Amino acid sequence: MATFQENIATLSTRKQKRNWYHLNGEERLAWLLVLPWIIGFLAFQLGPMLASLGLSLTEWRMFTPPKFIGLGNYIEMAADDPNFFQAFKVTTIYSVTSVPLRIMLGVLVALLLNAKVRGLAFIRTVYYLPATVSGVAVAMVWLLILNGDFGLLNRALSLIGIEGPYWLTDTRTVLASFVLMSLWGVGAGIIIYLAGLQGVPNELYEAAEVDGASDWVQFWKITLPMISPVLFFQLVIGMIDALQEFAGPFIMTQGGPGNASLFVMLYLFRNGFEFFRMGYASGLAWVLFVYIMVLTLLIIRSSAVWVYYEGEVREAE
């Protein structure tokens, strides 16, 4: 009788011998269907990424040939560029503030929309519509809303006796303005939260009511754990998206006043297309890439503490 190791070796040899001619019809069709994506990824994503990595090691001002300087761009960022740290500070504060607020507001509205009321489909559509508007259009609308002289927000505050600030030209309020503006697109997440809420078994709520649990206890002990995978997904995607914020600052403030709204993507754009420092801009892009990757990995590692997967619990039992 063949040993276990011999069987593994035989199976491994068979796998190594499999090539295009050994694939069945379904496997060949699958590879043909995925081939356009593979070509697009190699040509338009992986290729440019590797090219930018090479450019980050050079001094290239577009109109002159690239000059290899090794880690010079990265050393300049760390030692001689205060705007580098300012950009990451602004971006980080915006991300860790806006993303949790969007999640909390999205869950709250989803809970309200999860009730069985007339016209619910229309209400859900109304909440989702702002998420379909492009970033430039949203920025133009919020320029009017946040205008210090005739903006809608200050007009509304004046009705209750509050004098509103100049939101976009005051260093104390400009970043808060972008956080407030980020709540505009909360409707996109509401659809996902609704799907998660409707996947919670009603039996859990019925059992909790029999035990006398209040609505808050049911929300804290049943709803949140059951939708925690949805919250985890939204947190990861939201952080990645927020750390790449660009359209709003570019259209509305250009990083001002006093670099108080200088986001990393805006600073990257300036270096590449205003100062024509493509090598330095490529270095900024790679630092941002590593920063996003590290934060994402930290969030993923933290999920073991607060994300509940029913299937894993059942397997453990």
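Remember, it's a predicted structure, so these values are computed and weren't measured experimentally.

### Considerations on the overall build of the protein chain
Stage number 1. In terms of regular secondary structure, the protein chain is built from 15 helices and 2 strands.
Stage number 2. For 317 residues, the compact-globule formula gives about 20 Å, and the C-alpha radius of gyration of the protein chain, at 26 Å, lies well above that figure.
Stage number 3. Across its three principal axes, the protein chain shows a C-alpha extent of roughly 90 × 75 × 35 Å.
Stage number 4. Buried positions account for 33% of the 317 residues belonging to the protein chain.

### Comments concerning the packing of aromatic side chains
Any two aromatic rings considered together are summarised by their centre-to-centre distance and by the angle between their planes.
Stage number 1. Considering all chains together, one arrives at 16 aromatic pairs under this definition.
Stage number 2. For the ring pair F84 and F85, a centre distance of 5.1 Å and an interplane angle of 80 degrees mean the geometry is edge-to-face.
Stage number 3. A relative accessible area of 10% means that F84 is categorised as buried.
Stage number 4. Arranged with centres 5.7 Å apart and planes meeting at 25 degrees, the rings of W216 and W220 form a pair that is stacked. Of the two residues, W216 and W220 both sit in helix α11 (residues 215-242), 4 residues apart, roughly one turn of that helix.
Stage number 5. Accessibility expressed as a relative area gives 48% for W220, which makes it partly exposed.
Stage number 6. Looking at R277, its charged tip hangs above the ring of Y280, at a distance of 4.4 Å from the centre.

### Considering the domain arrangement of the protein chain
Stage number 1. When the domains of the protein chain are assigned, the result is domain 1 (18-74) and domain 2 (81-306).
Stage number 2. Between domain 1 and domain 2, the C-alpha centre-to-centre distance is 31 Å.
Stage number 3. Counting from both sides, the interface comprises 12 residues of domain 1 and, opposite them, 12 residues of domain 2.
Stage number 4. The junction of domain 1 with domain 2 conceals about 1,100 Å² of combined surface from both sides, 69% of it contributed by carbon and sulfur atoms.
Stage number 5. Inspection of the region where domain 1 meets domain 2 yields 0 salt bridges.
Stage number 6. Applying the counting criterion to the domain 1 and domain 2 interface returns 3 residue pairs in polar contact (both at pLDDT 80 or more).
Stage number 7. Going through the elements one at a time, α2 (25-55) and α3 (72-80) are the ones with two or more residues in the side of domain 1 that touches domain 2.
Stage number 8. If one sorts the elements of the side of domain 1 that touches domain 2 by residue count, α2 sits on top with 4 residues.
Stage number 9. Split into classes, the residues belonging to the side of domain 1 that touches domain 2 amount to 7 nonpolar, 4 polar and 1 charged.

### Examining helix α4 (residues 82-113)
Stage number 1. A rise of 1.5 Å per residue sets the reference length of α4, with its 32 residues, at 46 Å; its end C-alpha atoms lie 46 Å apart and thus fit the reference within 8%.
Stage number 2. Two to three positions downstream of the cap, the backbone nitrogen of N83 sits 3.1 Å from a side-chain oxygen, assigning the N-cap of α4 to D81.

### Remarks on a negative patch on the surface
Stage number 1. Residues E203, E206, E209 and D215 make up a contiguous surface patch of negative charge.
Stage number 2. Counting residues per element, the negative patch draws most heavily on helix α10 (residues 202-210), which supplies 3 residues.
Stage number 3. Tracing the sequence through the fold places D215 in helix α11.

### Concerning the packing of α10 against α11
Stage number 1. At a closest axis distance of 11 Å, the pairing of α10 and α11 adopts a crossing angle of 165 degrees. Between α10 and α11, the crossing angle belongs to the class labelled roughly antiparallel. Regarding α10 and α11, the two cross each other, and that crossing is right-handed. Across from L204, Y205, A208 and E209 in α10, the residues of α11 making contact are Q218, I222, T223 and M226.
Stage number 2. In terms of residue class, the contact of α10 with α11 is built from 5 nonpolar, 2 polar and 1 charged.

### Re a nonpolar patch on the surface
Stage number 1. A cluster of nonpolar side chains, M49, F289, V290, M293, V294, L297, L298 and I300, forms an exposed patch at the surface whose accessible area comes to about 670 Å².
Stage number 2. With 7 residues, the single largest contributor to the nonpolar patch is helix α14 (residues 278-306).
Stage number 3. Note that L298 resides in helix α14.
Stage number 4. According to the relative accessible area criterion, L298 is exposed, its value standing at 54%.

### A short note on the environment of F84
Stage number 1. Tracing the backbone shows F84 in helix α4.
Stage number 2. In this structure the C-alpha to C-alpha distance between F84 and V99, which are 15 residues apart in sequence, comes to 22 Å.
Stage number 3. For F84, the residues in contact, after removing those within four places along its chain, are M77, Y267, L284 and V287.

Parameters and conventions
Residues numbered from 1 in each chain as written. Predicted model: local features only at pLDDT ≥ 70, side-chain atom pairs only at ≥ 80, totals over all residues. Heavy atoms only, no water. Helix = DSSP H or I, 4+ residues; strand = E, 2+ residues; numbered from the N terminus. Rg over C-alpha atoms; globule rule 2.2 N^0.38 Å. Buried < 20%, exposed > 50% of the residue type's maximum accessible area, 1.4 Å probe, protein only. Phe/Tyr/Trp six-rings, centres within 6.5 Å; stacked < 30°, edge-to-face > 60°. Lys NZ or Arg CZ within 6 Å of the ring centre and 35° of its normal. Domains from an automatic or database assignment. Contact = heavy atoms within 4.5 Å. Buried area = accessible area lost by both parts, 1.4 Å probe. Salt bridge = Lys/Arg side-chain N within 4 Å of Asp/Glu carboxyl O. Polar contact = N/O pair within 3.5 Å; in protein donor to acceptor, adjacent residues only side chain to side chain. Nonpolar A, V, L, I, M, F, W, Y, C, P; charged D, E, K, R; others polar. Expected span 1.5 Å × (residues − 1). Patch = residues over 30% accessible without salt bridge, like charges linked within 9 Å, V, L, I, M, F, W, Y side chains within 5 Å. Areas by Shrake-Rupley, 256 points an atom, 1.4 Å probe, with all protein chains shown as cover. Lys, Arg positive; Asp, Glu negative; His and termini not counted. Charge placed at Lys NZ, Arg CZ, Asp CG, Glu CD. Axes fitted to C-alpha atoms, helices over the stretch in contact; angles between N-to-C directions. Parallel < 35°, antiparallel > 145°, perpendicular 65-115°, else oblique. Left-handed = near helix turned anticlockwise from the far one by under 90°.

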